[in-house]
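Residues per chain, in single letters:
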Amino acid sequence: MAQEPVFRADPFDNDKLKEECGIFGVHGQQDAANFVALGLHALQHRGQEAGGIVAHHPEHGFNNARRFGYVRDNFTSHSVMETLPGPVAIGHVRYSTAGSKGQTSIRDVQPFFGEFSMGGAAIAHNGNITNADALRRELTERGSIFQSSSDSECILHLMARSLQRTIPERMEDALRRVEGAFSVVAMTRTKLIGVRDPLGVRPLVLGKLGDGYALSSETCGLDIIGAAFVREIKPGEMVVITDNGVESSYPFRPQRPRFCIFEHVYFSRPDSILGGRSVYETREAIGRELAKENPVEADLVCPVPDSGTPAAIGFSLESGIPYAMGIIRNQYMGRTFIEPTEQIRNMGVRLKLNVNRALIKGKRVILVDDSVVRGTTSRKIKEMILDAGAKEVHFRIASPPTAWPCFYGVDTPQREKLLAATMSEEEMRQHLEVDSLKFISLDGLYRAVGEAKGRDPQHPQYCDACFSGEYPVKPTDMIEKGFEMKAAE
């Protein structure tokens with residue numbers, strides 16, 4: 001019997017912050033699940049571990065399919081998609097943040113489905129519930145039986161216990177108990193529902209598709225199915241989509257929005273629109289700001305592909321130093337690979353990136369990357385550049401130092417494993433053994449995303465906790481486990 005291949009995490013992506021989920025929903029289209037599958041394909045960058053789709057058909061009821069791996073490998077076959085008929089469907093792509101990280105069970109893959117007294121409902125969630133442990137304890141003590149280790153399942157149990165009359169009302173009731181960050185798509189037999197938390201930490205947009213509608217984490221998901229962008233779902237807003245159109249309500253206490261600024265830096269696809277701004281143009285502006293703040297004499301500006309590319313172009317345009325593809329990415333690598341031997345395992349980053357030696361040799365090179373997390377990949381890339389004969393290596397980072405973990409739906413290491421949590425900028429430079437290392441300032445980042453006066457320290461316009469240590473929602477569960485918040489200044 002042939003031995004099962006062992007799949008291991010990509011060594012390049014392991015040193016990146018990972019957005020955890022993408023969500024998508026369609027109402028009012030025949031075979032809505034086919035549109036959802038396409039939308040999830042466009043959102044694949046938000047989660048490559050697993051995906052799922054739930055659909056409802058008036059005659060066949062609710063059906064679901066949940067699979068590990070890429071959308072293209074699971075939700076393109078006729079045999080799978082024909083099991084998901086109906087005019088309403090929602091879907092989810094996942095990278096685990098809560099639940100069994102690295103040991104995902106199929107039971108943890110969303111969307112989750114439940115039967116209530118007034119009918120069934122399915123839900124998919126992007127974000128993280130910061131009081132999930134406390135809610136789970138309370139619900140378990142009251143008799144709830146959990147099927148998964150995902151914090152998102154808490155929402156279904158809270159809905160089941162609500163005394164409200166309709167499923168949208170029960171969802172409102174449940175989400176008022178939830179702390180943290182959540183963008184949600186949900187569905188009943190006849191409705192598609194979208195909700196953003198009061199701070200609007202995670203994105204959600206509305207599109208028009210023929211006579212129906214679509215909800216997506218990003219506008220690139222609407223583009224792939226030919227849906228017209230209507231607007232962003234507002235922070236604290238709930239939309240209920242039926243055959244009669246879109247109804248909007250605001251069930252939560254109003255708060256100042258705190259959208260995740262790292263969506264602009266890295267998570268979102270560069271062809272998406274966030275807050276009316278092109279992500280690509282914002283990243284180019286970040287590169288320009290970086291060049292203004294941290295100039296250096298050099299011969300070439302090279303991106304660390306692919307996330308550093310727009311910022312590197314901006315840096316080149318502002319500095320006048322030529323832009324060059326000094327590092328080439330192997331596009332056919334995929335997120336995971338089979339490691340049959342120790343020798344291949346030791347190749348590490350070289351399996352995904354290769355240096356353009358003819359271009360690099362004898363040059364002073366500026367490498368532009370989106371972030372430095374653990375620093376392991378940065379060191380390997382620096383070694384590859386030097387091996388290729390570069391005279392000098394200068395790192396320019398298109399975000400401030402990542403010194404604090406995110407608890408709102410982003411997979412970050414424990415604080416002590418973040419390089420910037422334990423080292424100064426100069427200590428990091430010495431650790432990486434590069435000629436210079438500079439990060440964009442927090443104010444510079446804010447200017448690049450359109451805040452001309454920079455960051456308002458009294459009322460920050462974005463969630464930037466991973467840089468500042470200022471958490472807009474107290475991470476209740478983590479504090480209970482010993483996490484120490486930043487001391488008040």
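Residues numbered from 1 in each chain as written. Predicted model: local features only at pLDDT ≥ 70, side-chain atom pairs only at ≥ 80, totals over all residues. Heavy atoms only, no water.

Colleague: Give a description of the pairing of strand β24 (residues 392-397) that names residues and reports values.
Modeller: Taken across its 6 residues, β24 has 5 buried, putting it largely inside the fold. Note that the unit made of strand β23 (residues 364-369), helix α13 (residues 376-387) and β24 has a crossover that is right-handed. Where β24 meets strand β26 (residues 436-439), 4 bridges bridge the pair, whose relative direction is parallel. For Ile397, the partnering residue across the bridge sits in β26 and is Phe439. (Buried < 20%, exposed > 50% of the residue type's maximum accessible area, 1.4 Å probe, protein only. Helix = DSSP H or I, 4+ residues; strand = E, 2+ residues; numbered from the N terminus. Right-handed = clockwise from strand over helix to strand, strands pointing away. Pairing = 2+ DSSP bridges.)

Colleague: Can you explain the sheet that holds strand β7 (residues 112-116)? Please cite residues and give values.
Modeller: Reading across the sheet, the 6 strands line up as β7-β8-β9-β10-β14-β15 and stay open at both edges, with antiparallel pairing between neighbours. Unpaired on one side and paired on the other, β7 and β15 (245-249) mark the two borders of the sheet. Pairs of neighbouring strands in the sheet enclose a mean axial angle of 20°, with direction left out of account. Taken together, the 4 bridges between strand β10 (residues 192-196) and strand β14 (residues 238-242) define a ladder with antiparallel strand orientation. Bridge assignment links Val195 to a residue of β14, and that residue is Met238. (Axes fitted to C-alpha atoms, helices over the stretch in contact; angles between N-to-C directions.)

Colleague: Got a sec to walk through the environment of Val240? Specific residues and values, please.
Modeller: Note that Val240 resides in strand β14. For Val240, a relative accessible area of 10% corresponds to the buried category. For the pair Val240 and Ala186, spaced 54 residues apart in the sequence, the C-alpha separation amounts to 9.4 Å. Beyond its immediate chain neighbours, meaning those up to four positions away, Val240 contacts Pro168, Lys191, Leu192, Ile193, Gly245, Val246 and Glu247. (Contact = heavy atoms within 4.5 Å.)

Colleague: How would you sum up the environment of Leu40? Please name residues and give values.
Modeller: With respect to the helices, strands and loops of the structure, Leu40 is situated in helix α1 (residues 32-42). Overall, Leu40 belongs to the buried group, its relative accessible area being 0%. Residues Leu40 and Leu215 lie 175 residues apart in sequence; the distance between their C-alpha atoms is 11 Å. Contact partners of Leu40, with chain neighbours within four places excluded, come to Gly22, Phe24, Gly52, Ile53, Val71, Gly91, His92 and Val93.

Colleague: Before we move on, could you go through the sheet that holds strand β12 (residues 212-216) and cite the residues and values that matter?
Modeller: Across the sheet, which stays open at both edges, the 7 strands sit in the order β5-β4-β6-β3-β12-β11-β13 with antiparallel pairing between neighbours. The strands lining the two open edges of the sheet, one partner per strand, are β5 (61-68) and β13 (228-232). Looking at each pair of strands side by side, their axes are set apart by 15° on average, direction ignored. Of the strand pairs in this sheet, strand β3 (residues 21-27) and strand β6 (residues 88-94) are connected by 7 bridges, and their pairing is antiparallel. Looking at the pairing, Gly25 lines up with Ile90 of β6.

Colleague: So what's going on with the confidence of the model for the protein? Residues and values would help.
Modeller: The share of residues in the protein with pLDDT of 70 or more is 91%, and the mean pLDDT across the chain is 90. In the model, residues 1-13 has pLDDT below 50 throughout and makes 35 contacts with residues more than four positions away in sequence or in other chains. In this model residues 97-102 is a low-confidence stretch, pLDDT under 50, and it forms 16 contacts with partners more than four residues away in sequence or in other chains. (pLDDT = per-residue confidence, 0-100.)

Colleague: Tell me about the packing of helix α5 (residues 153-161) against helix α6 (residues 167-175), and please be specific about residues and values.
Modeller: Axis separation between α5 and α6 bottoms out at 8 Å; the angle between their running directions is 120°. You can see that α5 and α6 cross each other, and the crossing is right-handed. Contacts between α5 and α6 pair Ile155, Leu158, Met159 and Ala160 from the former with Ile167, Arg170, Met171, Ala174 and Leu175 from the latter. When its residues are assigned to classes, the contact of α5 with α6 shows 8 nonpolar, no polar and 1 charged. (Left-handed = near helix turned anticlockwise from the far one by under 90°. Nonpolar A, V, L, I, M, F, W, Y, C, P; charged D, E, K, R; others polar.)

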